[in-house]
Each structure stands twice: as C-alpha cells, then as structure tokens.
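# Survey of secondary and tertiary structure
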Amino acid sequence: MYEEPIFLEPFFQDRIWGGRKLRTFFGYDIPSDKTGEAWVISAHKNGPSIIANGLLKGKNLLEAWNDNPLLFGKEQGCGEFPLLVKILDANESLSVQVHPDTDYAKEMEDMPYGKAECWYVLDCEPDSRIILGHRAESREDFRKRVDAEQWDELLLPLAVKKGDFFYIPCGTVHAIGKGIMVVEIQQSSDITYRVYDYNRITDEGETRELHIQSAIDVINFPHHPVLPSKTAVNDGDLASMQLIKESYFTVYHWKINGKVKTPLKRDYLLISVIAGAGEISVNGQSFLLEKGSHFILPSTVKTYGISGKLELLVTHE
Ligand code: ZN
C-alpha cells in the first residue's frame, strides 16, 4: 500500500500583477518575471500539481484523486477534490473581486464549488493594504458608486502585516494589495467576478474583462466583517494555532521546534512548509522538508513524525 507523503510540484500561472518573489522567497524555478500564482496543492483542471515521488510520481493530483480515491478516504464517484492551496505574489494589486458560493456556482456556472478563501500573510512591504468589504447599503447603492468610480468611498481597506490571517467568505468584495505575499487556501474553484481592475492595460494592449452584474448578484449586502476566532494548543514541541474552522476547510498554523509524533486523525491532510526545515518520517522512511515543500498525508498513513525547526500550514476538509 502507498504509505508515504505525496509531495507536489507547483503549477505556475503568469498574472498581470505577478512578480519574482516566488523565486526569491521560495527558490522556485518560475517561468517568468510576472509569475503571480503557484498552485501548490491543486487538483483543479486549470492547473493541477504534479506528484514528485513514489508510485504515483509524474501523475497529477487530479488523476490521483480520480484513480485512487481510497488514498483520500473516499469512494469512486465522490465528486471533485474540494480544496486548493496557492501561493500568490502580488507585485501589483490584484483586481477588486468577489467569488460566488457553491449554490450559485452550480446553478450559474455549472461548476461544483464556490470559492470561500483564506489568506496567511507570508511577507509584505511596509504599509501594505488589502481590500476587505464595502460600504454600500444595497445593490443599487453599490451599482451607483461603481458607475461613478467612487472606489475610495465604496471599498474598505485594511492594513496588514506578516503573519496576519484573513477569512474571505463567498460574496465578500476583496483584493490583495501590492507588495503582499500570501498562502491562499480555498475551495477548489477558479470563478472570479472582477469589479475593478484599476483601468490596467495588459501586455496585449487590452483591459481585462469586468463582471459587474455577476459580482453584484453574489455580493453580500450589507458587508459583515468576519473575524476568525483562533485557538492555540501547545503540546510538547508543537505549538498549534487553529486559524479557522468552517464548513469547507479547517486550517492550522503549526510551529515545531524539536520532534512531534502523532497518528493521522483525518482522512488526509494538506501540508505546506512556510518556514524553516526538518524531516518527516512515515513507516520507517524519512523525507526532507524545507520552506516551499507541499505534500499530502494520505489516509494510508497511520502515524507520522515531524522533526526540525519549522512552520507549517495544515489543512483538512
Ligand atoms: Zn479572491
């Protein structure tokens, strides 16, 4: 049986707002100086990650999910892989946007999932800001302010610093600002409705498409800020912080300084190493972990040990 971690190679995406930090911060071999996104744990057809080790080496995660559902504690025909982990380098600001919920995605886009997302800020420049929410009282009010381009009056900015964590429920207007690098953990969806793109021109000399009507359809009115409540648990050499727990995903920040050995308590875990180095041992085999490693612990793993000095983001359904 396949009792080992499944390491994944990122799928890179060029973006108008992308930069070079995925190379300088993580050492990834990125394809351009405008690389905006690394889809590091992805079974989405628009950018599946490739398996780097073991029996499934060379397959992508979408194939592994479809062909080997038992690895994820599932049965054949259980639907699409529900989660997607990305790293984003916002060398310039991302468009102001919103994502639909699952009901809307199914009905209007014929896609299985909406897109709730959350961000862990890996790094940012001084005075970096995100947009999170709006001040409009109704759809009509929102539309009026969009037409009048009253962006400063309409959108709610928020200062960010390294280590911050934000939850962005479906229907929340948002944008990652210039100079911010995040790990984004989200439902496996690629549906974005753009509200405002700063009138930017692409290399092809065009503006990117906006989707104002769909956006207004799915935006929550009025905006309600959601502050995830964090829970800290220290257990020996592990300092664990539950960053969020909601219906689509639960995410923890783990800081390990020493050695942790534990049974796998979920069907599978998605793990990203965001700082430091160490190793993971499973079934008598050891694997090196370094900043920028991403892997899945499949349900065939009974117990695992992680040692070293490192920080991880750990996600489960
Ligand atoms: Zn988004």
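This text follows the structure it describes.
Read on for a plain summary of the structure.

## Overview of the coordination of the zinc ion
- Coordination sphere of the zinc ion, protein contribution only: Q97 (OE1), H99 (NE2), E117 (OE), E117 (OE) and H174 (NE2), at 2.1 to 2.8 Å.
- Sequence spacing among the residues donating to the zinc ion works out to Q-x1-H-x17-E-x56-H. With Q97 in strand β6 (residues 96-98) and E117 in strand β7 (residues 117-124), this pair connects stretches of sequence that are 20 residues apart. The exposure classification of Q97 matches that of E117, with both residues buried.

## As for the pattern of salt bridges
- Scanning the entire structure with this criterion turns up 16 salt bridges.
- The partner of D141 in a salt bridge is R145, with the nearest N and O atoms 3.2 Å apart. With D141 and R145 both in helix α4 (residues 139-147), this residue pair falls 4 residues apart, about one helical turn. The pair D141 / R145 is uniform in exposure class, with both members buried.
- For the salt bridge of D197 with R208, the shortest nitrogen-to-oxygen distance reads 2.9 Å. Residue D197 is found in the loop between β13 (193-196) and α6 (212-218), and its partner R208 is found in the loop between β13 and α6; the two are separated by 11 residues along the sequence. Assigned by exposure class, D197 and R208 land together as buried.
- Linked through salt bridges whose partners overlap, the residues forming this network are R15, E37, K86, K115, E117 and E184.

## A word on the side chain of Q187
- One can find Q187 in strand β12 (residues 180-187).
- One polar contact links the side chain of Q187 to the main-chain amide nitrogen of K115, over a distance of 3.4 Å.
- Side-chain polar atoms of Q187 contact the backbone nitrogen of A116, separated by 2.8 Å.
- The residues contacting Q187, other than those within four sequence positions of it, are P82, L84, T102, Y113, G114, K115, A116, C170, Y248 and F249.

## A word on the packing of aromatic side chains
- For the structure on display, the rule yields 16 aromatic pairs.
- Taking the centre distance of 6.5 Å and the plane angle of 70 degrees together, the rings of W119 and F166 count as edge-to-face. Separated by 47 residues along the polypeptide, W119 in strand β7 and F166 in strand β10 (residues 165-168) bring together distant segments of the chain.
- Between Y196 and Y198, the ring centres sit 5.1 Å apart and the planes meet at 55 degrees, which makes this aromatic pair tilted.
- An aromatic cluster of at least three residues, connected via ring pairs, comprises F12, F25, F26 and Y28.

## A few points about helix α3 (residues 102-109)
- Of all the residues in α3, the buried ones are T102, Y104 and A105. Down the axis of α3, the smallest arc covering the buried residues is 160 degrees, so these residues share one side. Exposed and facing more than 90 degrees away from the buried side of α3 are D103, K106 and E107.
- Lining the buried residues of α3 we find β12, β13 and α6.
- By the N-cap criterion, in which a side-chain oxygen at the helix start approaches the backbone nitrogen of a residue two or three places on, α3 is capped by D101, the distance to D103 being 3.4 Å.
- Looking at the residues trailing α3, positive phi occurs at D110, about 55 degrees.

## Digging into the sheet that holds β12
- Across the sheet, which stays open at both edges, the 6 strands sit in the order β2-β3-β5-β12-β7-β10 with antiparallel pairing between neighbours. Two strands lie at the open edges of the sheet, namely β2 (11-19) and β10, each paired on one side alone. Taken pair by pair, the neighbouring strands of this sheet meet at an average axis angle of 25 degrees, ignoring direction.
- In this structure, strand β5 (residues 83-90) lies alongside β12, joined through 8 bridges in antiparallel fashion. What sits directly across from A90, in β12, is I180.

## Digging into the environment of S214
- Among the structural elements, S214 can be located in helix α6.
- Separated by 92 residues in the primary sequence, S214 and L122 have C-alpha atoms spaced 31 Å apart.
- Contact partners of S214, with chain neighbours within four places excluded, come to Y104 and Y193.

## Some words on α4
- Those residues of α4 that fall on the buried side of the exposure criterion are D141, F142, R145 and V146. Angular distribution of buried residues about the axis of α4 spans 135 degrees; they occupy a single face of the element. Among the exposed residues of α4, those pointing more than 90 degrees away from its buried face are E140, K144 and D147.
- Considering only its buried residues, α4 is in contact with β8 (129-134), α5 (151-154), β13 and α6.

Procedures and definitions
- Residues numbered from 1 in each chain as written.
- Predicted model: local features only at pLDDT ≥ 70, side-chain atom pairs only at ≥ 80, totals over all residues.
- Heavy atoms only, no water.
- Donors = N, O, S within 2.8 Å, 3.2 Å for Na, K, Ca; no water.
- Helix = DSSP H or I, 4+ residues; strand = E, 2+ residues; numbered from the N terminus.
- Buried < 20%, exposed > 50% of the residue type's maximum accessible area, 1.4 Å probe, protein only.
- Salt bridge = Lys/Arg side-chain N within 4 Å of Asp/Glu carboxyl O.
- Polar contact = N/O pair within 3.5 Å; in protein donor to acceptor, adjacent residues only side chain to side chain.
- Contact = heavy atoms within 4.5 Å.
- Phe/Tyr/Trp six-rings, centres within 6.5 Å; stacked < 30°, edge-to-face > 60°.
- Arc of directions from axis to C-beta.
- Pairing = 2+ DSSP bridges.
- Axes fitted to C-alpha atoms, helices over the stretch in contact; angles between N-to-C directions.

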